[in-house]
Amino acid sequence: MTDTRFDVLAIGNAIVDVISPCEDAFLESEGLDKGAMALIDTSRAEELYAHMGPAREISGGSAANTCAGLAALGSRAAFIGQVADDQLGAVFAHDIRAAGIHYEVAPREGDPPTARCLVLVTPDGQRTMNTFLGASQHLPASAIDADLIASAKVLYLEGYLWDPDDPRAAMKGAIDAARKAGRQVAFTLSDAFLLDRHGDDFRKLIDDGLIDILFANEVELLGLTGAADFEAGVAALAPKLPVLVATRSEKGAIAVAGAERAEVPAEPVSKVVDTTGAGDSFAAGFLHGHVRGALLADCLTMGAVAAAEVISHYGARPEADLKALVANRLG
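Cut-offs used in this document
- Residues numbered from 1 in each chain as written.
- Predicted model: local features only at pLDDT ≥ 70, side-chain atom pairs only at ≥ 80, totals over all residues.
- Heavy atoms only, no water.
- UniProt positions renumbered as here; feature names shortened; annotations may be inferred.
- Salt bridge = Lys/Arg side-chain N within 4 Å of Asp/Glu carboxyl O.
- Helix = DSSP H or I, 4+ residues; strand = E, 2+ residues; numbered from the N terminus.
- Buried < 20%, exposed > 50% of the residue type's maximum accessible area, 1.4 Å probe, protein only.
- Expected span 1.5 Å × (residues − 1).
- Contact = heavy atoms within 4.5 Å.
- Pairing = 2+ DSSP bridges.
- Bend = angle between axes of the 7 residues up to and from the residue.
- Disulfide = S-S within 2.5 Å.

An unreviewed UniProt entry lists the protein under the name Adenosine kinase, with Croceicoccus pelagius as the source organism. Per UniProt, the protein has the following entry under Sequence similarities (unreviewed entry): "Belongs to the carbohydrate kinase PfkB family."

Now the structure itself:
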């Protein structure tokens, strides 16, 4: 790859996570599907927040979390996402810049307010997410700077942001800018529910050769391909992509790049506290290795180490020294 200002530029939802522990009974009483992500409107967000116990507010958003992991590992990261001109918007902008991530999107005036995700974490570490997209779904195509896109080795796109019309148009413009600049495009499917709404769009992106690196978990892989099992899904999808990365939670992860296949187990964790952001951190570790030309297996290991760190505490962003953890693991 040619010399560039950034290693990875990510586009995604600019969200503040509101994280609260709860018992399974609370999920049942609220009619929530454990472990799933649901989109909610303003009234439901206010209602659920009122019922939640004590919570921590931490800047999040899938692609923004990946940027935080990349920055913690020493990569040069930039982020594009929309916040409102309100308190949570200021919190998000401060947090992402404080992490060393380039962020220059102007806040949006008026309603809706900055997006927030109400995350309920059960004692087994599973997270149930209820997302109010707010201002993030109004990211305009004008926020896409072709020169900024061209300044990054990899453009990383979050599937969650494909749902609203305006950001979808912005992301299509970003893909076009990246392709014209000869940059790589990475895409994460984000959640299986999106396949019901946009699966055909995602398959077309792949079939048209617009995706260089695809991140998917096992459920998403099966949903995208319609395969009966994991290996059949890999066999159906891998030939269509330069790089396929598929995660399997405690079963580890695999990556396929042409004729090369690598597989790593999950990193051991003494206790799973909160799985929020595990996939985001995995993508950060993998991309950190990828832009440096690391071996496929080492890229996977970096991802596994980053994911293991983030599930060991509340919150979707790293707290420990990821550089040191990766160095100790890989030698």
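Draft legend 1. Structural detail: the pattern of salt bridges. Scanning the model with the defined rule gives 19 salt bridges in all. Put simply, Arg 179 and Asp 212 hold a salt bridge, and the shortest N to O gap is 2.9 Å. Here Asp 212 lies in the loop between helix 7 (193–207) and strand 10 (213–217) and Arg 179 lies in helix 6 (residues 165–180), a separation of 33 residues in the sequence. The class for Arg 179 is partly exposed, based on a relative accessible area of 29%. For the salt bridge of Lys 204 with Asp 208, the shortest nitrogen-to-oxygen distance reads 2.6 Å. Judged by its relative accessible area of 42%, Asp 208 falls in the partly exposed class. One network of salt bridges, with partners in common, ties together Asp 7, Arg 76, Lys 153 and Arg 292.

Draft legend 2. Up close: unusual backbone geometry. Asp 111 connects to Pro 112 through a cis peptide bond whose omega is 0°. At Ser 190, a residue that is not glycine, the phi angle is positive and equals roughly 75°. Structurally, the position occupied by Ser 190 is in the loop between strand 9 (184–188) and helix 7. For Ser 190, a relative accessible area of 15% translates into the label buried. Even without being a glycine, Ser 249 presents a positive backbone phi close to 55°. Within the element layout of this structure, Ser 249 appears in the loop between strand 11 (243–247) and strand 12 (253–257). For Ser 249, a relative accessible area of 61% puts it in the exposed group.

Draft legend 3. Highlighting the UniProt feature "domain: Carbohydrate kinase PfkB" (unreviewed entry) in the protein. When the UniProt feature table is mapped onto this chain, "domain: Carbohydrate kinase PfkB" (unreviewed entry) is found at residues 51–318. Across residues 51–318 one finds 39% helix and 20% strand; the C-alpha atoms that close the span lie 28 Å apart.

Draft legend 4. Helix 6, seen in detail. For helix 6, spanning 16 residues, the distance from its first C-alpha to its last is 23 Å, which sits close to the expected 22 Å at 1.5 Å a residue. Pro 167, Arg 168, Ala 170, Met 171, Ala 174, Ile 175, Ala 177 and Ala 178 are the residues of helix 6 that are buried. Looking at the buried side of helix 6, the elements it contacts are strand 1 (6–11), helix 5 (146–150), strand 8 (152–158), strand 9 and helix 7.

Draft legend 5. Focus on the pairing of strand 13 (residues 260–264). Pairing of strand 12 with strand 13 involves 5 bridges; the strand directions are antiparallel. In the strand pairing of strand 13, Ala 255 is matched with Ala 262.

Draft legend 6. Main features of helix 7. In this model, helix 7 (15 residues) spans 21 Å end to end at C-alpha, consistent with the 21 Å of a helix rising 1.5 Å per residue. Approximately 75° is the largest bend angle found in helix 7, and it occurs at Gly 199. The set of residues buried in helix 7 consists of Leu 194, Leu 195, His 198, Gly 199, Phe 202, Leu 205 and Ile 206. Elements that come into contact with the buried residues of helix 7 comprise helix 6, strand 9, strand 10, helix 8 (218–225) and helix 9 (230–237). Remark: Gly 209 follows helix 7 within two positions and exhibits a positive phi of approximately 75°.

Draft legend 7. Main features of the environment of Thr 275. Residue placement: Thr 275 occurs in the loop between strand 13 and helix 10 (278–290). For the pair formed by Thr 275 and Asp 176, sequence separation is 99 residues and the distance between their alpha carbons is 33 Å. In this view, Thr 275 contacts Gly 125, Gln 126, Arg 127 and Ile 311; residues no more than four positions away in its chain are not counted.

Draft legend 8. Broad picture of the state of the cysteines. Summed over all chains, the structure comprises 0 disulfides. The thiol of Cys 22 is unpaired, and the distance to the nearest cysteine sulfur, on Cys 117, comes to 13 Å. A relative accessible area of 11% means that Cys 22 is categorised as buried. Unpaired in this structure, Cys 67 has its nearest cysteine sulfur neighbour in Cys 299, at a distance of 17 Å.

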